[in-house]
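Reading the structure
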Amino acid sequence: MITALSLILAFQLVGEILSRALDLPLPGPVVGLCLLVGACILRPALAARLRPTAQGLLSHLSLFFVPAGVGVVAHWPVLRDHGIGLALAIMGSTLLAIAAGALTFQWVARWTGAVDPSALKGRGDD
């Protein structure tokens with residue numbers, strides 16, 4: 001497990017170094033994850049070696065939300081004063097993100113010609 005965690009953290013470190021050195025618009029952990037996925041595709045044995053550790057991390061993913069909960073408690077006065085505005089901003093941005101994703105999906109599906117004809121039934125397009 002220590003070896004697998006070291007490999008995962010090494011890819012994150014390399015991603016961080018590349019992100020900063022090349023002034024990429026992506027965070028280092030995202031670059032590192034892309035490199036890790038590429039390495040796992042090129043070397044399936046690496047994926048097999050990391051799988052048990054990754055599944056262990058994912059099974060305890062809820063522990064990673066503890067710092068967020070501590071942050072909420074630490075900033076309780078701000079939430080009390082601006083909670084309604086923050087809630088509206090979160091709900092509004094969530095709805096906009098869902099709409100943008102759906103519209104982008106539709107646009108790409110039409111652009112690539114990958115529209116499933118059976119999905120259009122009942123819309124008057126048949």
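Here's a quick rundown of the structure. The shown structure was predicted, so the numbers you read here are calculated from the model rather than taken from an experiment.

**Quick notes on unusual backbone geometry**
- Of note in the backbone geometry, Asp-23 takes a positive phi value of approximately 50° without being a glycine.
- By the element assignment, Asp-23 lies in the loop between helix 1 (2-21) and helix 2 (28-42).

**Digging into the pattern of salt bridges**
- One pass over the structure, following the stated rule, counts two salt bridges.
- Put simply, Asp-81 and Arg-80 hold a salt bridge, and the shortest N to O gap is 3.9 Å. A single burial state applies to Asp-81 and to Arg-80, both of which are exposed.

**Remarks on a nonpolar patch on the surface**
- On the surface, Met-1, Leu-5, Leu-57, Leu-58, Leu-61, Phe-64 and Phe-65 cluster together into a nonpolar patch covering about 730 Å² of accessible area.
- Position of Leu-61 relative to the elements: it lies in the loop between helix 3 (44-59) and helix 4 (66-74).

**A look at the packing of aromatic side chains**
- One pass over the full model with this rule turns up one aromatic pair.
- Relative to Trp-111, the ring of Trp-107 has its centre 5.5 Å away and its plane inclined at 5°; by these criteria the two rings are stacked. On the criterion of helical spacing, the pair formed by Trp-107 and Trp-111 is a turn pair, its members being four residues apart in helix 5 (residues 76-112). Neither Trp-107 nor Trp-111 differs from the other in exposure class; each is exposed.

Conventions adopted
- Residues numbered from 1 in each chain as written.
- Predicted model: local features only at pLDDT ≥ 70, side-chain atom pairs only at ≥ 80, totals over all residues.
- Heavy atoms only, no water.
- Helix = DSSP H or I, 4+ residues; strand = E, 2+ residues; numbered from the N terminus.
- Salt bridge = Lys/Arg side-chain N within 4 Å of Asp/Glu carboxyl O.
- Buried < 20%, exposed > 50% of the residue type's maximum accessible area, 1.4 Å probe, protein only.
- Patch = residues over 30% accessible without salt bridge, like charges linked within 9 Å, V, L, I, M, F, W, Y side chains within 5 Å.
- Areas by Shrake-Rupley, 256 points an atom, 1.4 Å probe, with all protein chains shown as cover.
- Phe/Tyr/Trp six-rings, centres within 6.5 Å; stacked < 30°, edge-to-face > 60°.

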